[in-house]
Amino acid sequence: MDADAWDERYRAAERVWSVEPNRWVARETAGLRPGRALDLAAGEGRNAAWLASRGWRVDALDFSPVAVRRIEEAAGRYEGAVRAAVADVTRYTPEEAAYDLVLISYLHLPPPQMDRVLESACRAVRPGGTLLLVGHDADNLEHGTGGPRDARVLSSVERVRAVWEPCADLVVAEVARRPVGDAVALDTVVRAVRR
C-alpha cells in the first residue's frame, strides 16, 4: 500500500489499531530505562504514546499524513514527549547513534527496502541501545492468521538476524504466538542491543 491508500484506510475508521500498545512492544521494552526513541512507520502512534506514558521522548514517523495528524492529536497529553512527522522510512535518514530505542512494528516491505530500513535503524541506535522489530512472520501464511498475504514482505528471524547481527547482539529472536479470536497469529519478535 502507498501513503494515499493508508490515508484512505485511516479516514474510513475512527481508529484502525487499538489504543493499547502492541503486546510484544510492551513486553520487550517494559524493563528498559526511558530515553530517546524512534518509532519507524508508527501508524496512529499507539506504541509511541505508550512509550511516552512511560517517560520516553519519541520521534514517531509515518508516511500517512492522516496517521501523523492522529499522533499529533494524541501527543498533547504527553507535553512534548512525542514528535510526529510525515516521512517515508524507506528514504528517511535518521540521526546516527542518537536513540536509546529504535522500534519497527509491523512494517512489511520487500527485502531490498526492508533491509535498508533495518540497516538505517542500526545506524540510528546508540551503542548499548535497543533495536526492536515486531512483524507478521512468514510462517503465518501456512500456520497462522492475519497480516499480508505476500510472502516476500513478511518478517522472519533469519532475515532480521542477517542484517542486525553485524552491528548488534540479539537478545530475543523468536516466532511468538498471539491469540486472534479462536485462531493464532505468528509474529517475528527480534530485540537486539547495538555494540
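This text goes with the structure placed above it.
Caption draft 1: Looking closely at the packing of aromatic side chains. Counted under the stated rule, the structure contains zero aromatic pairs. Over the face of the ring belonging to tryptophan 24 we find arginine 23, whose NZ or CZ atom lies 5.8 Å from the ring centre. The ring of tyrosine 99 has arginine 36 sitting right over it, with the charged end atom 4.3 Å from the ring centre.

Caption draft 2: Spatial organisation of the state of the cysteines. In this structure the tally under the stated criterion is one disulfide. Across a sulfur-sulfur distance of 1.5 Å, cysteine 122 and cysteine 167 are joined as a disulfide pair. Sign of the S-S torsion, about 105 degrees for the bond between cysteine 122 and cysteine 167, identifies this disulfide as right-handed. In this pair, cysteine 122 sits in helix α5 (residues 111–124) while cysteine 167 sits in the loop between α7 (157–164) and β6 (168–180), placing the two residues 45 residues apart along the sequence. In this pair, the class of cysteine 122 matches that of cysteine 167, namely buried.

Caption draft 3: Representation of helix α3 (residues 46–53) within the structure. Within α3, seven of the eight residues are buried, leaving the element largely enclosed by the surrounding structure. Arg46, Asn47, Ala48, Ala49, Trp50, Leu51 and Ala52 are the residues of α3 that are buried. Against the buried residues of α3 lie α2 (23–29), β1 (36–40), β2 (57–62), β3 (82–86) and β4 (99–105). Just downstream of α3 lies glycine 55, where phi reads positive at about 100 degrees.

Caption draft 4: View of empty space enclosed by the protein. Here the structure, examined in full by the defined rule, presents one cavity of 30 Å³ or more. When its volume is computed, the largest cavity comes out at roughly 40 Å³. In terms of lining residues, the largest cavity is bounded by Leu107, His108, Leu109, Met114, Leu118, Leu133, Val153, Leu154, Ser155, Ser156, Arg159 and Val160. When contributions to the lining of the largest cavity are tallied by element, the ones reaching two or more residues are α5 and α7. In terms of residue class, the lining of the largest cavity is made up of eight nonpolar, three polar and one charged.

Caption draft 5: Molecular detail of the pairing of strand β7 (residues 183–194). When strand β5 (residues 125–136) meets β7, the two strands line up antiparallel, connected through seven bridges. The residue of β7 that forms the bridge with glycine 135 is threonine 188. Judged from the 12 bridges that link them, β6 and β7 form a sheet pairing that is antiparallel. Each bridged residue has a counterpart across the sheet, and for leucine 170 the counterpart in β7 is alanine 192. Where β6 hands over to β7, the hairpin turn is made up of two residues, of which glycine 181 adopts a positive phi near 60 degrees.

Reading guide: rules and limits
Residues numbered from 1 in each chain as written. Predicted model: local features only at pLDDT ≥ 70, side-chain atom pairs only at ≥ 80, totals over all residues. Heavy atoms only, no water. Phe/Tyr/Trp six-rings, centres within 6.5 Å; stacked < 30°, edge-to-face > 60°. Lys NZ or Arg CZ within 6 Å of the ring centre and 35° of its normal. Disulfide = S-S within 2.5 Å. Helix = DSSP H or I, 4+ residues; strand = E, 2+ residues; numbered from the N terminus. Buried < 20%, exposed > 50% of the residue type's maximum accessible area, 1.4 Å probe, protein only. Contact = heavy atoms within 4.5 Å. 1 Å grid on protein atoms, 1.4 Å probe; cavity = no way out; pocket = protein on both sides within 12 Å on 5 of 7 lines; lining within 4 Å. Points joined across faces, edges and corners; volume = space filled by probe spheres on them. Nonpolar A, V, L, I, M, F, W, Y, C, P; charged D, E, K, R; others polar. Pairing = 2+ DSSP bridges.

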